Amino acid sequence: MLDTVRGWVREAHRIAVLTGAGMSAESGVPTFRDAQTGLWAHFNPQELATESAFRAHPQRVWDWYEHRRQMIAAVKPNAGHLALADFARQHPGRFTLITQNVDGLHQLAGNTDALALHGNIAEDRWLDAPRACCGADSLEPGHPPRCPVCGNLRRPAVVWFGEHLPAQALEDAERAARECDLMLVVGTSGEVYPAAGLAFTAHQSGARVVIVNPEPTPLDAVAEHRLSEPAAVCLPVLLA
Ligand code: BJW
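Described in the following lines is the structure provided in the data block.

Definitions and limits used
Residue numbers here run from 1 along each chain, matching the order of that chain's written sequence. Only residues with pLDDT of at least 70 get local features here, since the model is predicted, and only at 80 or more are side-chain atom pairs given and counted; chain-wide, interface and lining totals rely on the full set of residues. Side-chain numbers here rest on the full set of heavy atoms in the structure, without hydrogens or water. Numbering goes from the N terminus for both helices and strands, where a helix is a DSSP run of H or I of at least four residues and a strand is a run of E of at least two. In this description the radius of gyration comes from C-alpha coordinates, and the expected globular size is given by 2.2 Å times residues to the power 0.38. Note on exposure labels: buried denotes an accessible area under 20% of the residue type's maximum, exposed denotes more than 50%, and partly exposed covers the range between, all computed with a 1.4 Å probe on protein chains only. Only heavy atoms matter for contacts: two residues are in contact if any of them lie within 4.5 Å across the pair. Here the accessible surface of atoms and residues is derived via Shrake-Rupley with a 1.4 Å probe, and residues count as covered only by protein chains that are part of the display. Charge convention: Lys and Arg are scored as positive, Asp and Glu as negative, and His as well as the terminal groups of each chain are ignored. By convention, the point assigned to a charge is CZ for Arg, NZ for Lys, CD for Glu and CG for Asp. Helix axes use the C-alpha atoms of the stretch in contact, all axes being lines fitted to C-alpha atoms, and the angles between their N-to-C directions lie in the range 0 to 180 degrees. If an angle is under 35 degrees, it is roughly parallel; if it is over 145, roughly antiparallel; if it lies from 65 to 115, roughly perpendicular; otherwise it is oblique. Helix crossings get a hand from a simple test, with the near helix turned counterclockwise from the far one by less than a right angle marking a left-handed crossing and a clockwise turn marking a right-handed one. Amino acids are sorted into nonpolar (Ala, Val, Leu, Ile, Met, Phe, Trp, Tyr, Cys and Pro), charged (Asp, Glu, Lys and Arg) and polar (every other residue, Gly among them). Residues are labelled near a given molecule or strand when at least one of their non-hydrogen atoms is within 4 Å of it. Definition of a polar contact: a pair of N or O atoms within 3.5 Å, with one able to donate and the other able to accept a hydrogen when the atoms are protein atoms, and with sequence-neighbouring residues admitted only if both atoms are side-chain atoms. By this rule the span expected of a helix is its residue count minus one, scaled by 1.5 Å. Strands were regarded as paired on the criterion that DSSP finds at least two bridges between them. Stacked, edge-to-face and tilted are the three classes for Phe, Tyr and Trp ring pairs, Trp counted by its six-membered ring, which pair at centre distances within 6.5 Å; planes under 30 degrees apart are stacked, over 60 edge-to-face, the rest tilted. Definition used in this section: a nonpolar core is a set of buried Ala, Val, Leu, Ile, Met, Phe, Trp, Tyr and Cys residues joined via side-chain atoms within 4.5 Å.

## Focus: the overall build of the protein
On a plain count of helices and strands, the protein comes out with nine helices and eight strands. Whereas a compact globule of 240 residues would reach a radius of gyration of roughly 18 Å, the protein reaches 19 Å, a difference of no more than 12%. For the protein, the spread of C-alpha atoms along the principal axes amounts to about 60 × 35 × 30 Å. The buried share of the protein, taken over its 240 residues, is 47%. Here the analysis covers contacts within the protein between residues at least 6 apart in sequence; of these, 67% occur between residues at least 24 apart. Roughly 11400 Å² of accessible area belongs to the protein as shown, and the carbon and sulfur atoms make up 51% of that amount. Counting 20 positive and 27 negative side-chain charges, the protein places the averaged centre of each group 2 Å from the other.

Structure follows, in structure tokens:
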């Protein structure tokens, strides 16, 4: 099966790759749904990653992100990230990387033009539209930091449930899904939309869809093959 897919990689005119949290598992970043250990074990991540959770419990949500930021700051891209970055360098114009991940590991590996659909956990922004008093220089430290004048809070620059994805990145990802003839879907549960819908778009536009994931997902329904292996093992072989 792997050889068949390697053949498809060689033949394809345009390849799109959609990645999710499993992509970074072998770097040591727990997946979104497995991230809850220790202090956080009692919280459902789907209930922390919303604006209403942040407004109701700003310190709790901020500290959850601080905990994850510290973990991510200590890890490195794995062999799968590096294989994708090498492939992009060798095949410019033929390859689009779309990621749901907020950990920055694709960018660190060299995929600086990855389409990041869910933002970047290392960055912050204002919760409410900033007023003249909201300056980065005059932040009051805290969990979260705030504007000392109006109380506006800093929040992680990620896309929470119920929020719009960055329009340009989503538009570029949808175009790549429509125009590719091969889509690799790597390490995602395929449960979060609109990202998961990109696999359906690619399939409906005539592309072959291949899943790289040790576990079944709802996207298997549109896949020609599922490679049931970890991303950091599979991708270097597939893209060599
Ligand atoms: C390995 C591995 C290894 C492990 N190798 N694999 C249509 C239908 C139903 C609902 C909706 C819909 N359209 C929109 C919605 C609502 C909602 C949604 O999708 N809800 C579902 C839960 C049902 N979507 C939204 O709200 C989105 N916004 C939106 O639609 O805006 C439009 C709008 C707005 C307002 C009004 C009206 C319309 C926004 C979604 C934002 C998602 N954000 C998060 C948080 C980011 C910040 C953070 O990290 O805290 O993004 S949620 C979380 O899920 C994160 C991830 O990027 C995303 C996907 O998770 P992922 O990557 O799949 O991770 P896991 O953990 O779920 O899975 C890991 C997988 O890896 C598993 O399969 C493992 O087997 C595998 N694996 N080891 C390979 N070594």
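## Points about the packing of helix H5 (residues 79-90) against helix H9 (residues 231-238)
Here H5 crosses H9 at 25 degrees, and the two axes come no closer than 7 Å. Comparing the axis directions of H5 and H9 gives the class roughly parallel. Helix-helix and strand crossings are classified by hand; for H5 and H9 the assignment is left-handed. Residues Ala79, Gly80, Ala83 and Leu84 of H5 pack against Ala231, Ala232, Leu235 and Pro236 of H9. Of the residues belonging to the contact of H5 with H9, the class tally is seven nonpolar, one polar and no charged.

## As for the site of the ligand
The local shell around the ligand holds 35 residues, among which Arg33, Tyr65, Arg68, Gly162 and Thr188 are the closest. Contact distances for the ligand include 3.1 Å between an oxygen atom and a backbone N or O atom of Phe32. Taking Tyr65, its side chain carries an N or O atom lying 2.6 Å from an oxygen atom of the ligand. Relative to its unbound accessible area of 1500 Å², the ligand is 74% covered by the protein chains. Looking at the shell around the ligand residue by residue, the class counts come to 17 nonpolar, twelve polar and six charged.

## Examining H5
The end-to-end C-alpha distance of H5 is 16 Å, a good match for the 16 Å that twelve residues give at a rise of 1.5 Å each. Burial in H5 covers these residues: Gly80, His81, Ala83, Leu84, Ala85, Phe87 and Ala88. Here the buried face of H5 lies against helix H1 (2-11), strand E1 (15-19), strand E2 (95-99), helix H6 (105-109) and H9.

## Quick look at the sheet that holds strand E7 (residues 208-212)
The parallel open sheet is built from six strands, whose spatial order is E3-E2-E1-E6-E7-E8. At either end of the open sheet lies a strand with only one pairing partner, and these are strand E3 (115-116) and strand E8 (225-227). For E1 and strand E6 (residues 182-186), the ladder comprises five bridges, and the chain directions are parallel. Following the sheet pairing, Val17 is matched in E6 by Leu184. Sitting on the sheet, H5 touches E1 and E2, and the angle it makes with E2 is about 145 degrees.

## What to know about the packing of aromatic side chains
Scanning all chains against the criterion turns up five aromatic pairs. Each ring, one from Phe54 and one from Trp160, has its centre 5.5 Å from the other, and the planes form 40 degrees; the classification is tilted. With a gap of 106 residues between them, Phe54 in helix H3 (residues 51-56) and Trp160 in the loop between strand E5 (154-158) and helix H7 (167-179) connect regions that are remote in the sequence. Note on Phe54: relative accessible area 0%, which makes it buried.

## Remarks on the nonpolar core
Core analysis: the largest hydrophobic core is formed by 25 residues, its most contacted members being Leu235, Leu238 and Leu239. Once residues lying within four places of it in the same chain are set aside, the contact partners of Leu239 are Val9, Ala83, Leu84, Phe87 and Leu184.

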